[in-house]
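Here are the chains, one letter per residue:
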Amino acid sequence: MRIVILGAPGSGKGTQARFLEERYKIPHISTGDILREAVTQGTELGREAKSYIANGKLVPDSVIIDIIAERLKGVDCKRGFILDGFPRTVTQADALQNILAKMDFKINMVLNLKVSEKTLIRRLSGRRVCKGCSANYHVEFQPPQIFETCDYCNEGLTQRDDDKEEVVRQRLKEYLTKTSSLCVYYKNQGLLEEIDGGKEILKVSKEVLSTLERE
Ligand code: AP5
């Protein structure tokens, strides 16, 4: 199963990708997580990506395409994978098609999580992440069992720097100008499935599963 999850910032791509990873035992590949890890480690990639992320801009296509090309060669991707946050431009989508064609792979389905802007902003402003293991929470919709403490590793929670209001506005702008056209791109290939991402987490997961298992 080779799945791409599309959607605006805060639409729930990561949340649903983690659910599918658990369900199908295939890797969840998040370019946002890869880039944040590189920033934390202070690698060359991290130094290059840092200011783009901080300003809510996409990192250059050339940088991210090479990373995905390398990651998809991993043996754990043979049975399938879930791409979260990639592709984000038509150039990235074309590159993905070429990378997969060389491996004799094809995307099975592209899920687009549709969520209103008002809900996106509420989700992003309330998101908290674990300082230790990066698990995601939401102060209102997905709170930890103990206040501001990670359920998995007991570390404290923090807010992502790019979840501050002015950066969120820029991320949404980047999504509208550079990424949203991918829905048409994949619709023309007969791969796109629209999901109502505005419902509760479990209800969205249910719709995602029934869509994936309908075939
Ligand atoms: P990235 O980390 O990919 O950020 P994003 O796309 O903006 O997505 P988010 O992680 O903010 O949201 P999500 O849709 O995963 O929602 P989540 O499940 O977390 O990218 C960050 C940056 O890296 C980019 O700005 C760019 O600079 C760079 N980058 C990454 N990929 C790139 C690429 N391919 N090319 C170029 N640059 C790239 O949920 C959000 C919150 O809502 C959580 O708190 C969650 O608990 C809650 N929630 C989720 N679902 C629900 C629900 N159904 N109901 C209620 N609450 C919910």
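The coordinates are above.
Keep in mind it's a predicted model, so treat the numbers as computed, not measured.

### A word on the sheet that holds strand β2 (residues 28–30)
Strands in a sheet are paired, the pairing made by backbone hydrogen bonds, and the direction either parallel or antiparallel. Read across the sheet, 5 strands follow the order β2-β3-β1-β4-β8 without closing on themselves; strand pairing throughout is parallel. Among the strands making up the open sheet, the edge pair consists of β2 and β8 (192–196). Sheet twist, expressed as the average angle between the axes of neighbouring strands with direction ignored, equals 25°. Looking at chain direction, strand β1 (residues 2–7) and strand β4 (residues 109–114) are connected through 5 bridges and run parallel. Bridging across to β4, Val4 finds its partner in Val110. The strands that helix α1 (residues 13–24) touches are β1, β2, β3 (81–84) and β4; relative to β1, the one it contacts most, it runs at about 160°. The sheet contacts of helix α2 (residues 31–41) involve β2 and β3, and relative to β2 the element is tilted by about 60°.

### As for the nonpolar core
With 31 residues, the main nonpolar core has Leu6, Leu72, Leu83, Leu96, Ile107, Val110 and Tyr186 as its most contacted residues. Contributions of two or more residues to this core are made by β1, α3 (44–54), α4 (61–71), β3, α5 (90–102) and α8 (182–188). The residues contacting Tyr186, other than those within four sequence positions of it, are Leu6, Pro87, Ala93, Leu96, Ile107, Val110, Leu191 and Leu192. Counting 15 residues, the second largest nonpolar core, distinct from the first, contains Ile3, Ile82, Val208 and Leu212.

About the cut-offs
- Residues numbered from 1 in each chain as written.
- Predicted model: local features only at pLDDT ≥ 70, side-chain atom pairs only at ≥ 80, totals over all residues.
- Heavy atoms only, no water.
- Pairing = 2+ DSSP bridges.
- Helix = DSSP H or I, 4+ residues; strand = E, 2+ residues; numbered from the N terminus.
- Axes fitted to C-alpha atoms, helices over the stretch in contact; angles between N-to-C directions.
- Contact = heavy atoms within 4.5 Å.
- Core = buried A, V, L, I, M, F, W, Y, C linked by side-chain atoms within 4.5 Å.
- Buried < 20%, exposed > 50% of the residue type's maximum accessible area, 1.4 Å probe, protein only.

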